[in-house]
Amino acid sequence: MLDSISVLVVDDEEINREMLSVMLDGLATSVPARNGLEALRVLEANSAIDLILLDLEMPELNGFATLATLKKHPLWCDIPVIVLTAGKDEVTRTLRLGANDYLAKPYDMEELRLRVMNHVRTRKLMDLSRDVNGILEREVARKTAEVRNALALAREAEYEITLRLGRAAEFRDVETGMHTRRISEMARELGRLSGLPEDQCEVLRYAAPLHDVGKLGIPDRILFKSGGLTDEEMEIMCLHTVIGGKILAGGDRYTSLEMGRIVALQHHEKWDGTGYPNGLAGEDIHIFGRIVMIVDVFDALCPERPYKPTMPFDEVISVMGEGRASFFDPRLLDIFLANVEAFAAIRTSLTDRPVEEKTALEQVLFLA
């Protein structure tokens, strides 16, 4: 899937362009541009650009103006943009403009290559999702009798795509392959128990695995840190909700992706309004976000990890109960706790294989 990657490197310093080209050697073909205007001309002539590395301080058309132009363009807006920056203030501004990620100077070669691979993989998965839905539309027009089989296959493929897109983020986090499956199945079960229609429960099942896809945009130095995070690092970590929303933005036609975007944005909003990123409270938080928060915290509290012992099940229930009407929707939490054996059974049926895990307890409890 990642064959023949083409990366547009936009930097007014020739030595920087050459250095990035060397770092990407063997992974991607580098296409150089000295400023924003030249980058736009390259894009007009080359439709095969998979990702853009964009410096900010450049003559003629700087990185900020270039980024704004890219994200408004109907053909270029979906190309992932990694901003090359040295300042925190620039990071926030570029994320508001639609940047998919950022890379702090000086560059780390391994981090650069991983970020390029992750973002290109995400874009190709999104393209694949669009292709699947396009095939469906053509099949419906061609032969109604075949639609039911084609639709069933497409929904299965869509679910697999959302699982794998969610798993792409997990490759860079403490979670292992079955976490997305557990969150998916537990979210659907809680939706069903709370009275959601069956079709909405299925949408929730597909959307829930995308809750942490924004961690693709969090620097390794923060995501893999073995100790507690500083306030500044925590602010950056919290941006995984915003980044996830941006990764999944523009998929309004595709219910699973649009609901995945809402889940990615809202699964850290708290019932009492003290969550992030927007401080939503109560039923202003979409019910999908409220459901995913409950099952995600439950899944994070239960497993044994190298940095924490197994928490007794009664203690897990007690800890979650303490979050009633502060962290969690009280009605949904009551339903969850009244049926907790069903959720424990889902966890047991989808057990992880042992893996080495590296982050601190504080991060699991904060980011569950």
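First, a word on what this report is: a plain description of the structure on this page. (Residues numbered from 1 in each chain as written. Predicted model: local features only at pLDDT ≥ 70, side-chain atom pairs only at ≥ 80, totals over all residues. Heavy atoms only, no water.)

As summarised here, the arrangement of the five strands in space is 2-1-3-4-5, forming an open sheet in which the pairing is parallel. In the strand order of this sheet, the two ends are held by strand 2 (28-33) and strand 5 (101-104), each with one partner. On average, each strand axis in the sheet is inclined to that of its neighbour by 25°, with strand direction left out of account. Taken together, the four bridges between strand 3 (residues 51-55) and strand 4 (residues 81-85) define a ladder with parallel strand orientation. For Leu54, the partnering residue across the bridge sits in strand 4 and is Val83. (Pairing = 2+ DSSP bridges. Helix = DSSP H or I, 4+ residues; strand = E, 2+ residues; numbered from the N terminus. Axes fitted to C-alpha atoms, helices over the stretch in contact; angles between N-to-C directions.)

Tracing the backbone through its elements, the reader meets Glu111 in helix 5 (residues 109-142). On the basis of relative accessibility, which here comes to 14%, the residue Glu111 falls in the buried class. Among residues more than four places away in sequence, those in contact with Glu111 are Leu103, Pro219 and Asp220. (Buried < 20%, exposed > 50% of the residue type's maximum accessible area, 1.4 Å probe, protein only. Contact = heavy atoms within 4.5 Å.)

Checked against the element boundaries, Asp25 lands in the loop between helix 1 (14-23) and strand 2. Note on Asp25: relative accessible area 60%, which makes it exposed. Considering only alpha carbons, one finds Asp25 and Arg113, 88 residues apart in sequence, at a separation of 9.6 Å.

What follows is about the pattern of salt bridges. Throughout the structure, instances matching the rule amount to 17 salt bridges. The salt bridge involving Arg192 is made with Glu189; its shortest N-O contact spans 2.7 Å. Of this pair, Arg192 and Glu189 both sit in helix 7 (residues 178-193), separated by three residues, roughly a single helical turn. In this structure, the salt-bridge partner of Arg261 is Glu258, at a minimum N-O distance of 2.6 Å. One end of the pair is Arg261 and the other is Glu258, both in helix 12 (residues 255-266) and three residues apart, which spans about a single turn. (Salt bridge = Lys/Arg side-chain N within 4 Å of Asp/Glu carboxyl O.)

All right, on to unusual backbone geometry then. With an omega of -5°, the peptide bond between Lys105 and Pro106 qualifies as cis. Mapped onto the secondary structure, Pro106 falls in the loop between strand 5 and helix 5. Despite not being glycine, Glu60 shows a phi value in the positive range, around 70°. Here Glu60 shows up in the loop between strand 3 and helix 3 (63-72). In this structure Glu60 comes out as exposed when scored by relative accessible area, which is 63%. Notably, Ala325 is not glycine yet its phi reads approximately 65°, a positive angle. Mapping Ala325 onto the fold places it in the loop between helix 14 (313-322) and helix 15 (330-338).

Time to look at helix 3. Residues of helix 3 that are buried: Gly63, Phe64, Thr66, Leu67 and Leu70. Along the axis of helix 3, the buried residues cluster in a sector spanning 160°; they form a single face. The residue sitting at the N-terminus of helix 3 and contributing the capping side-chain oxygen is Asn62; that oxygen lies 3.1 Å from the backbone nitrogen of Phe64. (Arc of directions from axis to C-beta. Polar contact = N/O pair within 3.5 Å; in protein donor to acceptor, adjacent residues only side chain to side chain.)

The geometry of helix 10 (residues 231-238) relative to helix 11 (residues 240-247) is characterised by a closest axis approach of 5 Å and an angle of 25° between their N-to-C directions. By the angle class used here, helix 10 and helix 11 are roughly parallel. Between helix 10, through Ile236, Met237 and Cys238, and helix 11, the contact on the second element is made entirely by His240, Thr241 and Val242. For the contact of helix 10 with helix 11, a count of residues per class yields four nonpolar, two polar and no charged. (Parallel < 35°, antiparallel > 145°, perpendicular 65-115°, else oblique. Nonpolar A, V, L, I, M, F, W, Y, C, P; charged D, E, K, R; others polar.)

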